[in-house]
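# Descriptive structure summary
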Amino acid sequence: MDASNKKRSAAKAAMKFIEPGMTVGVGTGSTVNFLIEMLPEIRNKINRVVSSSKASTSLLEAHGFTVSTLNEVGDYDIYIDGADESNKRLQLIKGGGGALTREKVLACAARRFICIIDDTKLVRMLGGFPLPIEVLPMAQAMIARHMLKMRGQPIWREGFITDNGNHILDIHDLQISNPLEMEARINKIPGVVTVGIFADQAADILLIGGDDGVKEIRT
Ligand code: 5RP
């Protein structure tokens, strides 16, 4: 099975966690796009939807959903999103699509965070995927110097502006043996908006699409 079909099957498996009357938070990326395409099938179960990016909002609207703001819904039921990497403790790297800040906010406000991935993304140690950091543009060079001191190789995602008007640095060559510690350390650098390590904000349930169906891991 190719990666797209694995992503699609993980997205389909997430649908069964949506119960009648729930408000659903929707992440960003190709895996979540499969979910958005399936959501109309259970439209009558869904109370409201909130979205982590302009791209997902547009797709949700194209499928007939009215997207609420997080301020309108408050704490809510379930957040479903993809990831770039996960370890077995359900700690993640996210932000390949550049939506990491709003994704972390939506994950934090949800009572349950379900992460959907294909099996190539399950890793022993985070860091093979370059770690995205959303940064204030004026602090970009300073933050890059900090990351060099932490033995990472920062590459500016040139030409990309986040939905919040900021820049992304992708940090290559990091071996993230202690995700919680590294998340806290990078978040302390002034000018960092969000680091793409979701360890303090790990997933509650991981659905992994593979050749033999969808495997579920819980924390
Ligand atoms: C976007 C993300 C995505 O969840 C992550 O990049 C995975 O994307 P895809 O589902 O396209 O593989 O964090 O900011």
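Here the structure is a predicted model, which is why all the values come from computation and not from measurement.

## What about the domain arrangement of the protein chain?
- Each assigned domain of the protein chain is listed here: domain 1 (3–123 + 200–218) and domain 2 (131–195).
- Using only C-alpha atoms to locate each centre, domain 1 and domain 2 end up separated by 24 Å.
- Listed as interface residues are 16 residues of domain 1 and, on the opposing side, 18 residues of domain 2.
- At the boundary of domain 1 with domain 2, total buried surface from both sides reaches about 1,300 Å², with 51% on carbon and sulfur atoms.
- Sorting the residues of domain 1 by area buried against domain 2 places Leu100, Thr101 and Lys104 first, and these three jointly supply 36% of that buried surface.
- For Lys104, the salt bridge is made with Glu183, and the minimal N-O distance between the two is 2.7 Å.
- Summed over the shared surface of domain 1 and domain 2, the result is 10 residue pairs in polar contact (both at pLDDT 80 or more).
- Among the elements that take part in the side of domain 1 that touches domain 2, helix 5 (residues 100–109) stands out by supplying four residues, more than any other.
- Of the residues contributing to the side of domain 1 that touches domain 2, the split by class is two nonpolar, nine polar and five charged.

## Focus on the pairing of strand 4 (residues 76–81)
- Of all six residues in strand 4, five are buried; the element is thus mostly enclosed.
- Pairing of strand 1 (residues 22–26) with strand 4, which is carried by three bridges, proceeds in the parallel orientation. Pairing of Gly25 across the sheet is with Tyr79, part of strand 4.
- Bridging between strand 4 and strand 7 (residues 110–118) involves five bridges; their strand directions are parallel. Paired with Ile78 across the strands is Arg112, a residue of strand 7.

## A few points about the side chain of Lys104
- Of note, Lys104 is situated in helix 5.
- For Lys104, a relative accessible area of 13% translates into the label buried.
- Polar contacts involving the side chain of Lys104 include one to the side chain of Glu183, which spans 2.7 Å.
- Beyond its immediate sequence surroundings of up to four residues, Lys104 is in contact with Glu183, Asn187, Thr194, Val195, Ile197, Phe198 and Gln201.

Rules used throughout
- In this numbering scheme, every chain counts its residues from 1 along its sequence in written order.
- Only residues with pLDDT of 70 or above have their local features reported here, since the model is predicted, and side-chain atom pairs are shown and tallied only from 80 upward, although totals for entire chains, interfaces and linings are computed over all residues.
- Hydrogens and waters are ignored; side-chain quantities use all the structure's heavy atoms.
- For the purposes of this description, domain bounds are those given by an automatic or database domain assignment.
- A contact between two residues is defined here by any heavy atoms of the two lying within 4.5 Å.
- In short, buried area is how much 1.4 Å probe accessible area vanishes from two parts on joining, totalled over both.
- Salt bridges are counted wherever a side-chain nitrogen of Lys or Arg sits within 4 Å of a carboxyl oxygen of Asp or Glu.
- A 3.5 Å cut-off defines polar contacts: any pair of N or O atoms within that distance qualifies, except that in protein one atom must be a possible hydrogen donor and the other a possible acceptor, and neighbouring residues in sequence count only when both atoms are side-chain atoms.
- For helices the rule is a DSSP run of H or I covering at least 4 residues; for strands it is a run of E covering at least 2, with both sets numbered from the N terminus onward.
- Gly counts as polar in this scheme, as do all residues outside two lists: the nonpolar Ala, Val, Leu, Ile, Met, Phe, Trp, Tyr, Cys and Pro, and the charged Asp, Glu, Lys and Arg.
- With a 1.4 Å probe rolled over the protein chains alone, any residue whose accessible area is under 20% of its type maximum counts as buried; one over 50% counts as exposed, and the rest are partly exposed.
- Two strands qualify as a pair provided that DSSP identifies no fewer than 2 bridges between them.

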